[in-house]
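Working through the structure, step by step
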Amino acid sequence: MFRSRRLLAAPALVAVAGTVALATSGGAPAADLSADRAKAVDWAVSQVGHRERGTTNCSAKIIRWEKDMGLKVPPCREWCGAFVHQAFLRQGIRLSARLIDPHRSYFDAVAERRGLKRISKSSVREGDLLFFRFRPKLKASHIAIVRSAPKNGKVELVEGNVGHEVTLETRSLKFAVLAARVTG
């Protein structure tokens with residue numbers, strides 16, 4: 001069973017034991033997800049080298065990841081979003097199945113819905129998401145998980161479905177079209 005992490009309406013900042021935390025409308029601090037984001041990155045990195053069968057977008061793991069999203073499989077789909085979804089699901093954070101389509105998830109992050117919140121690219125940190133547009137006519141066609149804060153305009157990522165496998169990449173921030181933080 002996965003725990004739900006939804007913020008109630010009208011969040012506010014409150015001081016708790018010397019730190020600032022996001023509070024729900026009831027006044028209680030919302031969960032700080034930074035530890036869960038870090039664990040999502042750890043899980044994602046542990047999958048490096050996993051490959052789909054040939055160029056099918058399928059493997060036993062990928063099929064399970066897509067089914068865990070609530071998707072009917074077959075067909076297997078481009079799976080960078082399923083990989084991101086699974087990394088957070090493993091931490092008890094159920095994101096939208098719309099992650100299978102980075103173009104649609106782009107709009108969710110911009111509108112700050114379905115567990116995503118748009119942030120500035122320069123402020124990304126471990127466990128945040130970067131969206132890329134590698135196909136024309138789409139707002140985004142790929143999604144990756146940030147492994148560390150940017151250095152010299154570049155960021156380290158863990159990505160699914162790059163060359164048909166899970167890989168570690170370093171990319172320039174200038175190529176990202178959007179950054180988002182998982183809010184639960």
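Conventions and cut-offs
Residues numbered from 1 in each chain as written. Predicted model: local features only at pLDDT ≥ 70, side-chain atom pairs only at ≥ 80, totals over all residues. Heavy atoms only, no water. Helix = DSSP H or I, 4+ residues; strand = E, 2+ residues; numbered from the N terminus. Buried < 20%, exposed > 50% of the residue type's maximum accessible area, 1.4 Å probe, protein only. Contact = heavy atoms within 4.5 Å. Areas by Shrake-Rupley, 256 points an atom, 1.4 Å probe, with all protein chains shown as cover. Axes fitted to C-alpha atoms, helices over the stretch in contact; angles between N-to-C directions. Parallel < 35°, antiparallel > 145°, perpendicular 65-115°, else oblique. Nonpolar A, V, L, I, M, F, W, Y, C, P; charged D, E, K, R; others polar. Pairing = 2+ DSSP bridges. pLDDT = per-residue confidence, 0-100. Salt bridge = Lys/Arg side-chain N within 4 Å of Asp/Glu carboxyl O.

So, on to the overall build of the protein. The secondary structure content of the protein amounts to 4 helices and 8 strands. Starting at the N terminus and walking to the C terminus, you meet the elements of the protein as β-β-α-α-α-α-β-β-β-β-β-β. Relative to its 184 residues, the protein shows a buried fraction of 47%. A fraction of 51% describes how many contacts in the protein between residues 6 or more apart in sequence connect residues 24 or more apart. For the protein, the computed accessible surface area is about 9,300 Å², with 53% contributed by carbon and sulfur atoms.

A word on the packing of helix H2 (residues 60-68) against helix H3 (residues 80-89). Their axes nearest at 9 Å, the elements H2 and H3 cross at an angle of 70°. With respect to their mutual orientation, H2 and H3 come out roughly perpendicular. Residues Trp65, Glu66 and Asp68 of H2 touch H3, and the partners they reach there are Ala82, Phe83, His85, Gln86 and Leu89. Among the residues forming the contact of H2 with H3, the class breakdown is 4 nonpolar, 2 polar and 2 charged.

What follows is about the pairing of strand S5 (residues 142-146). Buried residues dominate S5, accounting for 5 of its 5 residues. Relative to S5, strand S4 (residues 129-132) runs antiparallel, the two being bridged by 4 bridges. Its bridge partner being in S5, Leu129 is matched across the sheet by Ile145. Pairing geometry for S5 and strand S6 (residues 154-162), over 2 bridges, is antiparallel. Bridged to Val146 within S6 is Leu157.

Moving on: the confidence of the model for the protein. Overall, the prediction assigns the protein a mean pLDDT of 86, with 83% of residues at 70 or greater. Counting contacts from residues 1-30, a segment whose pLDDT is below 50, to residues more than four positions away or on other chains yields 44 contacts.

With that settled, consider the sheet that holds strand S3 (residues 116-119). Here we have 6 strands laid out as an open sheet, ordered S3-S8-S4-S5-S6-S7, and antiparallel in their pairing. Because the sheet does not close on itself, it has two edges, and the strands there are S3 and strand S7 (165-172). Pairs of neighbouring strands in the sheet enclose a mean axial angle of 35°, with direction left out of account. Relative to strand S8 (residues 176-182), S3 runs antiparallel, the two sharing 4 bridges. When the bridges of S8 are listed, Leu116 appears paired with Val182. Of the strands in this sheet, S5, S6, S7 and S8 are in contact with helix H1 (residues 34-46), which crosses S5 at around 110°.

For the rest of this paragraph, the subject is the pattern of salt bridges. In this structure the tally under the stated criterion is 9 salt bridges. Here Glu66 makes a salt bridge to Arg77, at a shortest N to O gap of 3.8 Å. Taken as a pair, Glu66 in helix H2 and Arg77 in the loop between H2 and H3 lie far apart in primary sequence, 11 residues in all. You can call Glu66 buried: its relative accessible area is 0%. With its nearest N and O atoms 2.8 Å apart, the salt bridge here joins Asp108 to Arg114. In the salt-bridge network here, residues are joined through shared partners; they are Arg98, Asp108, Arg113 and Arg114.

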